[in-house]
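# A structural walkthrough
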Amino acid sequence: TGGDLAAGAASCTITLDVTSTTAGSYTNGAANVSATGLDLPGTSTLDVTMPPAFDCATPKVFIGNRDNTVLDQQIQDDAGGSSFVNIAAAQGWTYNALGYNPVDNLLYAMSVVPRGAASKPAGHLLIIGADGVVYDQGVISGVPAPSINNINVGTFDDSGNYWITPSAASGNNGNGMVYKLDV
């Protein structure tokens, strides 16, 4: 509401970021827009795919390390030993508080302030699929600054709630609070 088209202008473009947390195909068009004196938009479709889930029938260990975090998975060998292998290349995020959600079989993390190299912004909830791709879910709400920039502990309960906190011992302005995110 409240938009104006400049006098003499023949057209304008309106852009919206549209997301969904549920896979499917969503159609939007003239029926969802009210306008006075303007031609209504055509139909547009958003196809949403979800990250591929991890198969955790066999327990797995994951580590995310370094600025511009790289996700590694522990692999067992036939001799009873193990090593860590990279799942995907770094994608510009520095993250911590890595946790496995038993409800959707995905990894979640919080972006943090990097120690050195430039990175994408801190305080974002991230989903990481079995292909190692990072999906940005945006900034979380309810966690005050500067704590939101330094969440470094995360875990899930059996209901799929993500519990996070900044660690006071790490010098990250921990406030002693634990936050629950319903993801």
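Quick note: structure is the one above.
None of the values given here were measured: they were computed from a predicted structure.

A few words on the overall build of the protein. Per the secondary structure count, the protein includes zero helices and 12 strands. Along the protein, from the amino end to the carboxyl end, the secondary structure elements read β-β-β-β-β-β-β-β-β-β-β-β. Among the 183 residues that make up the protein, the fraction classed as buried is 28%. Summed over all atoms, the accessible surface of the protein reaches about 11200 Å², with 51% contributed by carbon and sulfur.

Moving on: the sheet that holds strand β7 (residues 106-111). If you walk across this open sheet you meet the four strands as β6-β7-β8-β9, and the pairing is antiparallel. With partners counted over all chains shown, the strands left at the sheet margins are β6 (95-101) and β9 (134-139), one partner each. Ignoring which end each strand starts from, the neighbouring axes of this sheet average 25° apart. Where β6 meets β7, five bridges bridge the pair, whose relative direction is antiparallel. Counterpart to Asn101 in the pairing with β7 is Leu106.

Considering the arrangement of structural elements, one finds Asp72 in strand β4 (residues 70-76). Within the structure, Asp72 has its side chain in polar contact with the side chain of Asn86 (distance 3.5 Å). When near neighbours in sequence (up to four residues on either side) are disregarded, Asp72 contacts Val61, Phe62, Ile63, Asn65, Phe84, Val85 and Asn86.

Moving on, we come to the nonpolar core. Grouped together as the largest cluster of nonpolar side chains are 15 residues, with contacts concentrated most on Tyr108, Met110, Leu125, Ile140, Tyr162 and Ile164. Elements represented by at least two residues in this core include exactly β7, β8 (124-128), β11 (161-165) and β12 (179-182). If we ignore the near neighbours within four places in the chain, the residues touching Leu125 are Tyr108, Ala109, Met110, Tyr135, Asp136, Gln137, Gly138, Ile140, Tyr162, Leu181 and Val183. If you look at the next biggest cluster of nonpolar residues, it comprises 10 residues, including Phe54, Trp93, Ala109 and Leu126.

Moving on, we come to a nonpolar patch on the surface. Together, Val61, Ile63 and Phe84 make up a nonpolar patch on the protein surface, roughly 220 Å² of accessible area in all. Tracing the sequence through the fold places Phe84 in strand β5 (residues 82-86). With a relative accessible area of 38%, Phe84 lands in the partly exposed category.

Bringing the sheet that holds β5 into the picture now. Working definition: the strands of a sheet are paired by backbone hydrogen bonds and lie parallel or antiparallel to each other. Spatially, three strands are ordered β3-β4-β5 in an open sheet, and the strand pairing comes out antiparallel. Either end of the sheet is taken by a strand with one partner, and the two such strands are β3 (62-65) and β5. On average, adjacent strands in this sheet sit at an angle of 30° to one another, irrespective of strand direction. By the bridge criterion, five bridges tie β4 to β5 in an arrangement that is antiparallel.

The next subject is the packing of aromatic side chains. All told, the structure shown has four aromatic pairs when counted by the stated rule. Note on Tyr108 and Phe156: the rings are 5.2 Å apart at their centroids and 55° apart in plane angle, and the pair reads as tilted. You can see Tyr108 sitting in strand β7 and its partner Phe156 sitting in strand β10 (residues 153-156), a full 48 residues away along the chain. With a relative accessible area of 3%, Tyr108 lands in the buried category. What makes Phe156 buried here is its relative accessible area of 13%. With a centroid separation of 4.8 Å and 15° between ring planes, the pair formed by Phe156 and Tyr162 is classed as stacked. Of the two residues, Phe156 and Tyr162, neither departs from the other in class, the shared state being buried. Put simply, the rings of Tyr108, Phe156 and Tyr162 touch in pairs and so form one group of aromatic residues.

Rules of the game
Residues numbered from 1 in each chain as written. Predicted model: local features only at pLDDT ≥ 70, side-chain atom pairs only at ≥ 80, totals over all residues. Heavy atoms only, no water. Helix = DSSP H or I, 4+ residues; strand = E, 2+ residues; numbered from the N terminus. Buried < 20%, exposed > 50% of the residue type's maximum accessible area, 1.4 Å probe, protein only. Areas by Shrake-Rupley, 256 points an atom, 1.4 Å probe, with all protein chains shown as cover. Pairing = 2+ DSSP bridges. Axes fitted to C-alpha atoms, helices over the stretch in contact; angles between N-to-C directions. Polar contact = N/O pair within 3.5 Å; in protein donor to acceptor, adjacent residues only side chain to side chain. Contact = heavy atoms within 4.5 Å. Core = buried A, V, L, I, M, F, W, Y, C linked by side-chain atoms within 4.5 Å. Patch = residues over 30% accessible without salt bridge, like charges linked within 9 Å, V, L, I, M, F, W, Y side chains within 5 Å. Salt bridge = Lys/Arg side-chain N within 4 Å of Asp/Glu carboxyl O. Phe/Tyr/Trp six-rings, centres within 6.5 Å; stacked < 30°, edge-to-face > 60°.

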